[in-house]
Amino acid sequence: MSEGKETLVKDSIDRGTVDAARALESDKYAEGFVTDIEMELAPKGLNEDTVRYISAKKEEPEWMLQWRLEAFQRWKEMTEPTWAMINYPKIDYQDAHYYAEPKGGAKYKTIADVPQEILDTYAKLGIPLKEQEVLLGVEGAMETAAAARETPRVAVDAVFDSVSVATTFRAELSKAGVIFMSISEAIREYPDLVKQYLGSVVPVTDNFFATLNSAVFSDGTFVYVPKGVRCPMELSTYFRMNAKGTGQFERTLIIVDEGGYVSYLEGCTAPMRDENQLHAAVVELVALADAEIKYSTVQNWWPGDSEGKGGVYNFVTKRGDCRGARSRISWTQVETGSAITWKYPSCILRGDDSSGEFYSIAVTNGRQQADTGTKMIHLGKNTKSRIISKGISAGKSNNTYRGLVSIHPKAVKARNFTQCDSLLIGQTCGAHTVPYVENRRADAQLEHEATTTKLSEDQLFYARQRGIGEEEAVALLVNGFVRDVLQKLPMEFAVEAQKLLEVSLEGSVG
Amino acid sequence: MLELTNLHARVVPEDGPAREILKGLSLAVPAGEVHAIMGPNGSGKSTLSYVLTGKHGYEVTGGTATFEGKDLLSLAPEARAALGLFLSFQYPMEIAGVPVMTFVRAAMNAQRKARGEPEVSAPDFLKLSRVAAAKLKIDPEMLKRPLNVGFSGGEKKRLEIYQMLMIEPRFMILDETDSGLDIDALKVVAEGVNALRGPTRGMLVITHYQRLLDHIKPDRVHILSAGRIVKSGGPELALELEKSGYDQFLKAG
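Residues numbered from 1 in each chain as written. Chains lettered and ligands numbered in written order. Predicted model: local features only at pLDDT ≥ 70, side-chain atom pairs only at ≥ 80, totals over all residues. Heavy atoms only, no water.

Colleague: Please explain the sheet that holds strand E6 (residues 85-88) of chain B as it appears in this structure.
Modeller: Sheets are built from strands paired through backbone hydrogen bonds, the pairs being either parallel or antiparallel. Residue and element names in this part refer to chain B. Pairing is mixed in the open sheet, where 6 strands are placed in the order E6-E7-E8-E3-E9-E10. Edge positions in the sheet fall to E6 and strand E10 (228-233), since each of these pairs with one other strand and no more. Strand-to-strand twist of the sheet, defined as the mean angle between neighbouring strand axes without regard to direction, takes the value 20°. Bridge analysis of strand E3 (residues 34-38) against strand E9 (residues 220-225) gives 4 bridges, and the strand direction is parallel. Each residue of the ladder has a partner; that of Met 38, found in E9, is Ile 223. (Pairing = 2+ DSSP bridges. Helix = DSSP H or I, 4+ residues; strand = E, 2+ residues; numbered from the N terminus. Axes fitted to C-alpha atoms, helices over the stretch in contact; angles between N-to-C directions.)

Colleague: Would you mind going over the interface of chain B and chain A with me for this structure?
Modeller: Reports often express the size of an interface as the amount of accessible area lost when the parts come together. Taken together, the contact pairs 32 residues of chain B with 19 residues of chain A. Taken together, both faces of the contact between chain B and chain A bury some 2200 Å²; the carbon and sulfur share is 63%. Its largest share of buried area at the contact with chain A, chain B owes to B:His56, B:Glu78 and B:Met93, together 25% of the area lost on that side. Run the count over chain B and chain A and you get 3 salt bridges. Between the two partners, chain B and chain A, sit 13 residue pairs in polar contact (both at pLDDT 80 or more). Elements supplying a minimum of two residues to the side of chain B that touches chain A: helix H1 (45-53), helix H2 (77-83), E6, helix H3 (100-114) and helix H5 (153-167) of chain B. The dominant element in the side of chain B that touches chain A, judged by the number of residues it contributes, is H3(B), at 5 residues. (Contact = heavy atoms within 4.5 Å. Buried area = accessible area lost by both parts, 1.4 Å probe. Salt bridge = Lys/Arg side-chain N within 4 Å of Asp/Glu carboxyl O. Polar contact = N/O pair within 3.5 Å; in protein donor to acceptor, adjacent residues only side chain to side chain.)

Colleague: Got a minute to help me understand the packing of helix H4 (residues 122-135) of chain B against H5(B) in this structure?
Modeller: For any two helices packed against each other, one specifies the crossing angle of their axes together with the interaxial distance. Residue and element names in this part refer to chain B. Taken N-terminus to C-terminus, the directions of H4 and H5 make an angle of 135°; their axes are 9 Å apart at the nearest point. Between H4 and H5, the crossing angle belongs to the class labelled oblique. In the packing of H4 onto H5, the handedness of the crossing is right-handed. On the side of H4, the interface is formed by Phe 125, Leu 128, Ser 129, Ala 132, Ala 133 and Lys 135, while H5 contributes Tyr 162, Leu 165 and Met 166. (Parallel < 35°, antiparallel > 145°, perpendicular 65-115°, else oblique. Left-handed = near helix turned anticlockwise from the far one by under 90°.)

Colleague: Help me understand helix H8 (residues 236-244) of chain B, please; the structure alone is not making it clear to me.
Modeller: Helical periodicity: at 3.6 residues per turn, an α-helix aligns residues three or four positions apart in one direction. All names here are of chain B. Residues of H8 that are buried include every one of Leu 237, Ala 238 and Leu 241, and no others. Looking straight down H8, one finds that the buried residues subtend no more than 100° of arc, so they occupy a single side. In the stretch just after H8, Gly 245 is the one whose phi turns positive, near 80°. (Buried < 20%, exposed > 50% of the residue type's maximum accessible area, 1.4 Å probe, protein only. Arc of directions from axis to C-beta.)

Colleague: What am I meant to see in the environment of B:Lys23 here?
Modeller: Residues and elements named next belong to chain B. The topology assignment puts Lys 23 in strand E2 (residues 19-29). Expressed as a C-alpha distance, the spacing of Lys 23 and Ser 49, which sit 26 residues apart in the sequence, is 15 Å. Contact partners of Lys 23, with chain neighbours within four places excluded, come to Leu 7, His 8, Ala 226, Gly 227 and Arg 228.

Colleague: I keep staring at the nonpolar core and nothing clicks. Help me out?
Modeller: A general feature of soluble globular proteins is that nonpolar side chains tend to end up buried together. Ranked by size, the top nonpolar core spans 109 residues in total, and within it A:Ile392, B:Phe103, B:Tyr162 and B:Leu204 carry the most contacts. Sequence-distant contacts of B:Leu204, that is, excluding residues within four places in its chain, are made with B:Leu2, B:Leu27, B:Val29, B:His35, B:Ile37, B:Leu48, B:Leu52, B:Phe171, B:Met172, B:Ile173 and B:Leu174. Counting residues in each nonpolar core, the second largest holds 50 residues, with A:Leu69, A:Val201, A:Phe208 and A:Tyr224 among its members. (Core = buried A, V, L, I, M, F, W, Y, C linked by side-chain atoms within 4.5 Å.)

Listed below in structure tokens is the structure:
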């Protein structure tokens, strides 16, 4: 029953989300509501005390605090990068709260302790935590065995502002040996694993935003999949920025040991606000020999209104390390939100015969600016990478693909295939492609294809002549444009992503 | 069924001056009839089909066009389609990434929704599709590929008629459907078109050549020249044209 109900809830929310978005005239953003809940905030500003405050809140061991403080020292000496094709007013790093948690403590003992307002928020967003928790009961699971086969189950870590409020399916996962918990808990419970891997893919001093994150990261997800284990369900984290004047600095660390496999989904939303909110996350993936990690993102942060007021500044460092031989990492992203997106999920192909993939759909509308792409660093022999990027620009937005394929001297017979397609809707948007290639080997095989097309009025007319209304026709054509990437997303997400595209591009024609 | 009275229309290119193409065209096609429009290049045949279906870049400057008494010209293209107007394009569009069946199903359901009818169910759709494909000798695998992408000219035309059979429009405009078709394909396509003839449907067949009319027999033939109908007659008019060309009629007009 619960399974069936969950699907229903999700379906009706998806539909509700789309309908609600349709109903909004200028601001087509269904997730833009604010949850009214008492919050505990760190004092505004960023200094050593802020870092100590966060560390103390998290009850962190001394080594973690020192790690943060070192990062903070380095950050003070760094300057913000300016090479991306994005424009924004200078960010005042002292004018934000670096920590926000719902009052009453960081982590709730059981799901029953999570305030109803937060549960409602996630339910509204289509993440029924309680429903999933109910499924933990053996009896329920027995009854719904048939339904369960049809509805793939997803374990969720829900992060509300700076804290993880609930993590579902933990018991079941731990039976399989999979550790799935918030990173704050992992620091306390599995310090050795964290110490070994944290910052090993994205070093503390990697870049301005990653270093800032290292100093003040609040919460995020930790996953460890042991040797030879195929994670029995999809894992996901749902990030929600709620509190006013806050930034979110989450940190995700996923380690898959030899021969293991995990598929991980990440979703993000934030309320509509006139101010700009900063989001600077770091995600590190480590795949040991023969391990595989699939990481999918549907990013729908508040993009600002049609005039460019408000919206999330999304400065994210995501990197995967194919550390072992034959390991595989794939990034799939659907980016429809944020006022500014600065994001380059990358793969370091260190292990021989390892492979990296990057599939991306980036949509910009209104005044949004996206500068996104990937880096494929080929270090090992016979390493392969594949990049498929689909940029869609509408309104007065700017969409840039920026990518690097780097073949190092020891990467015997490395191979890369890159395809960058841009679709322009209307006359006032921009699409840019900035591919870099560094090749140090004569036997490397590199292919690059790029196209830029305008959504043609003739195509639209053709569809309309067949009876398909203009907005639906745009959605149909856009879906066709991104189809090969959508197919890479897990089933559940693909449907959501498709609807999201539709909503994001509403009003982009005519 | 379709009535055009003193229709004037011009084409407004994005770059360049507007040109008047239709200059007082009048025409009535009653339900149950098939009318052929013939005429030399540039006489306004394709413009007529675009004006009737509401393509951007075409502007009606005078006259009326009604479909079963309803003013066509004030309606959006999709609303005209929902009324039952279908254009088999001279140059069908390629739509990357959208499989033929996905497109056609979206079209059928959009029309049904606009008319307040229930959507076509997946099994019904597949059944209809199988029948239509068989009638037109279309390989069903082709229907899973993106619409018209990489298809030959003949295949594209065949797919236009496939869409027509699926959508079952009430009024069909065939714009040079015979171009790009070999004789065998022409027969297959014509059979498909003829299957839709009936007392409640009307059809406008735009063509240069008699050979299509050998297979789709018109009730009336009109000769279009410089934006007006200069001569109308029975099927024999097309045969006469084939023998002696347009010149005699153009002078008369």
